[in-house]
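What follows is each chain in one-letter form.
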Amino acid sequence: MSTQNFVQNLKNHLTDLSQGVDVKESGIVHSVRDNIVEIIGLDSCMSSEMILIGDSEIPALALNLERDRIGAIVLGDGTQVSEGDTAVRTKEVLSIPIGDDVLGRVVNPLMHALDDGPALKKNPMRPIERLAPGVMARQGVDEPLQTGIKAIDALVPIGRGQRELIIGDRQTGKTTVALDAILNQKDQNMKCVYVAIGQKKSKVMRIVEELKKAGAMEYTTVVLAGASDNPALLYLAPYAGVSIAEYFMDKEEDVLIVYDDLSKHAAAYREISLLLRRPPGREAYPGDVFYAHSRLLERAARRNKEAGGGSITALPIVETQAGDVSGYIPTNVISITDGQIFLETGLFNKGIRPAINVGTSVSRVGGSAQIKSMKKVAGPLKLDLAQYREMESFAQFGSDLDASTRKTLARGKRMTQLLKQNQFSPVPVALQVASLYAANKGFLDDIDPDDVSRYEALLSEYLENNHEDLLSDVAKGWGDDEKDALKKAISDFHEIVKDEFTQSTA
Ligand code: ATP
Ligand code: MG
């Protein structure tokens, strides 16, 4: 094209624009296979733009922008698209309708209801991709998000706005940890989003039933892209989920979002990318899978008041193979999050459930969000458990141990028992503090390890029945008054029940 022609074209284009002429941009489907369409003639299409194909306006998402064609993925039924169909730009990044009525519902990533509830309202549209809040819009994490799981709230505490990875092999209780955290948000002024990616539908429906039973669906939305769904939906699911979370954050609310799990999300993205003929990288994942996950997790934030307030706490889940955290996706997500909770098959099979490895799990920012009493009682717990782990291994070789080693082992054993917890039974933080305090002060030392759970249950019941005010004080502060009163209450209780429990020196 000569320079003159080019200038003339540009002028024409500018006149068109200034006259507000809407140049309807449409192209032609060049090829279609496996839900992937190649379209020619849509030169100025944007990345992640929604395109409508054919007379029935089947939506597709533009992913590959090449010089002479674009690659898009059909979000509906790909078999209805054929070569030669027209493809029209919508000039909008893919958007989904979100409003208050999504609470309590099960939806797919395009916000179609999957449960048998009424149709969702015609809510305002929100783009599924949005820039994460910048540094200036953020505020430090200093408010706790109580999961109700003792091992987590005490040792790897999570703060509102944090991103904490839950990682472990299959069937180690990853989903259960996340669900317990959701259950514990009842009456906590928190909205929850559970994004199920690539799981069996029947399994997710069972989870929904469980949430309903506990009254947790009232504040929760489940976004479901099942194992048998189009991989495009699996790819979109977490972005749709976080858009829902942002809707509530924009109303100055706190939100907890669970991505279950990002391994399956990465696999879906790899499938799409290979079909789009993108060059495969490590483990055949596309080079930008790191970017896909980081731009997702960056959207979790605690925003300051000036920026609108609210927070999104993210619990991404990643599945490992044989405990190997050096795989591509695990290392990526570990590096994007603020800490990780490691679940181990060995512990799970030993009956230590939740199977959290308290030695390797960390939370880098949550400590500053812990309530004061919990912070104080968790300190000795950490120390006792660390010493226990160290001695446990070499105590197997020695038969006669000195008194202090025996004491450390006995304490550690009971602490480990105390951190065991059944699924779907979150414990309020004040009761967690009380039982850990009892252990710190040695009340459990003469209780048989097998009786620790029963002792703890009775103690909780006793405190709830007789010391309600004390428990709410403990949740607020930790001065000498609270400490003394709690110690007295525990020792009163101990006097009442101690004969019931078999004395043990093991
Ligand atoms: P998958 O890899 O299949 O997604 P997962 O790691 O998410 O598995 P879960 O589905 O949460 O694991 O749990 C596996 C099994 O262990 C379930 O049957 C669950 O009921 C049981 N389980 C998990 N946590 C506990 C617990 N604290 N106490 C008792 N049982 C538990
Ligand atoms: Mg699971």
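For the structure, see preceding data.
Let us look at the structure shown here.

**Some words on a positive patch on the surface**
1) Next: On the surface, Arg 170, Lys 200, Lys 203 and Arg 206 cluster together into a patch of positive charge.
2) Next: Mapped onto the secondary structure, Arg 170 falls in the loop between β10 (165-168) and α3 (174-183).
3) Next: Accessibility expressed as a relative area gives 57% for Arg 170, which makes it exposed.

**Here we look at the site of ligand 1**
1) Next: With respect to spatial proximity, 16 residues lie near ligand 1, and among them Gln 171, Lys 174, Thr 175, Thr 176 and Gln 423 are the closest.
2) Next: Here Thr 176 contributes a side-chain N or O atom positioned 2.5 Å from an oxygen atom of ligand 1.
3) Next: One of the side-chain nitrogen or oxygen atoms of Lys 203 is found 3.2 Å away from an oxygen atom of ligand 1.
4) Next: Taken by itself ligand 1 offers 630 Å² of open surface, and the protein chains cover 79% of this.

**With respect to a negative patch on the surface**
1) Next: Negative charge collects at one region of the surface, where Glu 461, Glu 464, Glu 468, Asp 469, Asp 473, Asp 480, Asp 481 and Asp 484 lie side by side.
2) Next: Within the residue set of the negative patch, elements represented by two or more residues are α13 (452-466), α14 (468-476) and α15 (480-497).
3) Next: A relative accessible area of 42% means that Glu 464 is categorised as partly exposed.

**Brief notes about the nonpolar core**
1) Next: Ile 182, Leu 211, Leu 463 and Leu 486 are the most contacted members of the largest nonpolar core, which has 73 residues in total.
2) Next: With 9 residues, the single largest contributor to this core is helix α12 (residues 429-440).
3) Next: Setting aside residues up to four positions removed in sequence, Leu 463 forms contacts with Leu 431, Ala 434, Glu 468, Leu 471, Leu 486 and Ala 489.
4) Next: Counting 61 residues, the second-largest nonpolar core is a separate cluster that includes Val 107, Ala 240, Tyr 269 and Leu 276.

**Things to note about α12**
1) Next: Counted at 1.5 Å a residue, the expected span for α12 with its 12 residues is 16 Å, and the 16 Å between its end C-alpha atoms agrees.
2) Next: Within α12, 12 of the 12 residues are buried, which leaves the element mostly enclosed by the surrounding structure.
3) Next: Where α12 is concerned, the buried positions are Val 429, Ala 430, Leu 431, Gln 432, Val 433, Ala 434, Ser 435, Leu 436, Tyr 437, Ala 438, Ala 439 and Asn 440.
4) Next: In this structure, the buried side of α12 is in contact with α2 (150-155), α10 (372-395), α11 (403-419), α13, α14 and α15.
5) Next: Of the residues one or two after α12, Gly 442 is the one with positive phi, at around 85°.

**Some thoughts on unusual backbone geometry**
1) Next: Cis rather than trans, the peptide bond between Asp 260 and Asp 261 has omega equal to 0°.
2) Next: Examined against the element boundaries, Asp 261 turns out to sit in the loop between β13 (254-260) and α6 (262-275).
3) Next: Cis peptide bonds are those with omega within 30 degrees of zero, and the linkage from Arg 353 to Pro 354 qualifies with 0°.
4) Next: Take Pro 354: it is sitting in the loop between α9 (345-350) and β16 (362-363).
5) Next: In this structure, Lys 91 takes a positive phi of about 60° despite not being glycine.
6) Next: Residue placement: Lys 91 occurs in strand β6 (residues 86-93).
7) Next: A positive phi angle, close to 70°, is found at Met 111, a residue other than glycine.
8) Next: Locating Met 111 in the fold gives a position in the loop between β8 (106-107) and β9 (125-127).
9) Next: Classification of Met 111 by relative accessible area gives buried; the value is 5%.

Rules behind the numbers
Residues numbered from 1 in each chain as written. Chains lettered and ligands numbered in written order. Predicted model: local features only at pLDDT ≥ 70, side-chain atom pairs only at ≥ 80, totals over all residues. Heavy atoms only, no water. Patch = residues over 30% accessible without salt bridge, like charges linked within 9 Å, V, L, I, M, F, W, Y side chains within 5 Å. Areas by Shrake-Rupley, 256 points an atom, 1.4 Å probe, with all protein chains shown as cover. Salt bridge = Lys/Arg side-chain N within 4 Å of Asp/Glu carboxyl O. Lys, Arg positive; Asp, Glu negative; His and termini not counted. Charge placed at Lys NZ, Arg CZ, Asp CG, Glu CD. Helix = DSSP H or I, 4+ residues; strand = E, 2+ residues; numbered from the N terminus. Buried < 20%, exposed > 50% of the residue type's maximum accessible area, 1.4 Å probe, protein only. Near = heavy atom within 4 Å. Polar contact = N/O pair within 3.5 Å; in protein donor to acceptor, adjacent residues only side chain to side chain. Core = buried A, V, L, I, M, F, W, Y, C linked by side-chain atoms within 4.5 Å. Contact = heavy atoms within 4.5 Å. Expected span 1.5 Å × (residues − 1).

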